[in-house]
Amino acid sequence: LTHTALLELSAFDRPLLQQLCAVAPGTYAHSIMVGTLAEAAAQAIGSDALLCRVAGYYHDIGKMNRPDFFVENQRQENVHGRLSPSLSALIIIAHVRDGIEMAREHRLPAEIRAIIAEHHGTTLISYFYHQALTDNSGSECSPAGLEARFRYPGPKPQTSESAIVMLADSVEAAARCIDKPDQENLQALIISIVRGKIEDGQLDGCPLTFHDVNMISDAFL
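Since we're looking at a predicted model, the values are computed, not measured.

Counting its regular elements, the protein contains 11 helices and 0 strands. Traced from its N-terminal end to its C-terminal end, the protein shows the element sequence α-α-α-α-α-α-α-α-α-α-α. By the compact-globule yardstick of 17 Å for 221 residues, the protein fits well, its C-alpha radius of gyration being 17 Å. On the principal axes, the C-alpha backbone points of the protein span a range of 55 × 40 × 35 Å. Counting the 221 residues in the protein, one finds 49% classified as buried. Taking the intrachain contacts of the protein between residues at least 6 apart in sequence as the baseline, contacts between residues at least 24 apart amount to 74%. As displayed, the protein offers around 10,900 Å² of accessible surface, 52% of which is attributable to carbon and sulfur atoms. Across the protein, 17 positive and 27 negative side-chain charges occur, with their mean positions spaced 5 Å apart.

What follows concerns helix α10 (residues 183-199). When the terminal C-alpha atoms of α10 are compared, their 24 Å separation across 17 residues agrees well with the 24 Å that a helix rising 1.5 Å per residue should span. The set of residues buried in α10 consists of L189, I190, I193, V194 and K197. Down the axis of α10, the smallest arc covering the buried residues is 120 degrees, so these residues share one side. Turned more than 90 degrees away from the buried face of α10, the exposed residues are E184 and E199.

What follows concerns the pattern of salt bridges. Side-chain pairs of opposite charge can arise where the charged atoms are in close proximity. Inspection of every chain in the model, using the stated rule, returns 10 salt bridges. Between D60 and K63 there is a salt bridge, with the nearest N and O atoms lying 3.1 Å from each other. The partner of R176 in a salt bridge is E172, with the nearest N and O atoms 3.0 Å apart. Among the ionic contacts, a cluster of salt bridges with common partners joins D60, K63 and E72.

What counts as what
- Residues numbered from 1 in each chain as written.
- Predicted model: local features only at pLDDT ≥ 70, side-chain atom pairs only at ≥ 80, totals over all residues.
- Heavy atoms only, no water.
- Helix = DSSP H or I, 4+ residues; strand = E, 2+ residues; numbered from the N terminus.
- Rg over C-alpha atoms; globule rule 2.2 N^0.38 Å.
- Buried < 20%, exposed > 50% of the residue type's maximum accessible area, 1.4 Å probe, protein only.
- Contact = heavy atoms within 4.5 Å.
- Areas by Shrake-Rupley, 256 points an atom, 1.4 Å probe, with all protein chains shown as cover.
- Lys, Arg positive; Asp, Glu negative; His and termini not counted.
- Charge placed at Lys NZ, Arg CZ, Asp CG, Glu CD.
- Expected span 1.5 Å × (residues − 1).
- Arc of directions from axis to C-beta.
- Salt bridge = Lys/Arg side-chain N within 4 Å of Asp/Glu carboxyl O.

Any functional reading would require information beyond the geometric quantities listed.
Given below as structure tokens:
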């Protein structure tokens, strides 16, 4: 993988990025922002900033198969209202597998394919999981094996660049949804998301230190 190859992949006239913009414009806008955040965070800790930016552009290409099932592309009805939580989770989880397949078809570098595969780690899709718990007679006790069905299959991030894209993805998506995105609220949001990833063990496989994580958070802000 060379920086020249990465620069070529970062051009907005690349067919895959043009297709993403046409088919899933909300995801495209999200991905460009994730690339920008990830690049700044990587620069702050001395990781490969260009790889982070380009991987951010491509990390969600798998959403093109079913763009209307992702909130950033929805204009009116939320189609998940007609589905069970389990089916919704399956569709959401599938975008990672679909992205890996698209990346192979378009011969994206192995480093970018790895980030696509790892950018959700084994994260819990909490919204649909709690919806499933509510449907289960409102019980807060999870039936055996239920939580595993609402987690991405992994693997967890294995490199600092992969972890940065994971964090940038979560921060960008959450930041778009807060009512008052001022500095104080954004800082609290970033701290909450990063702490949640650490406590869930999502960063256990990568070489980031706590000092790195603090600098990444500052760069996001």
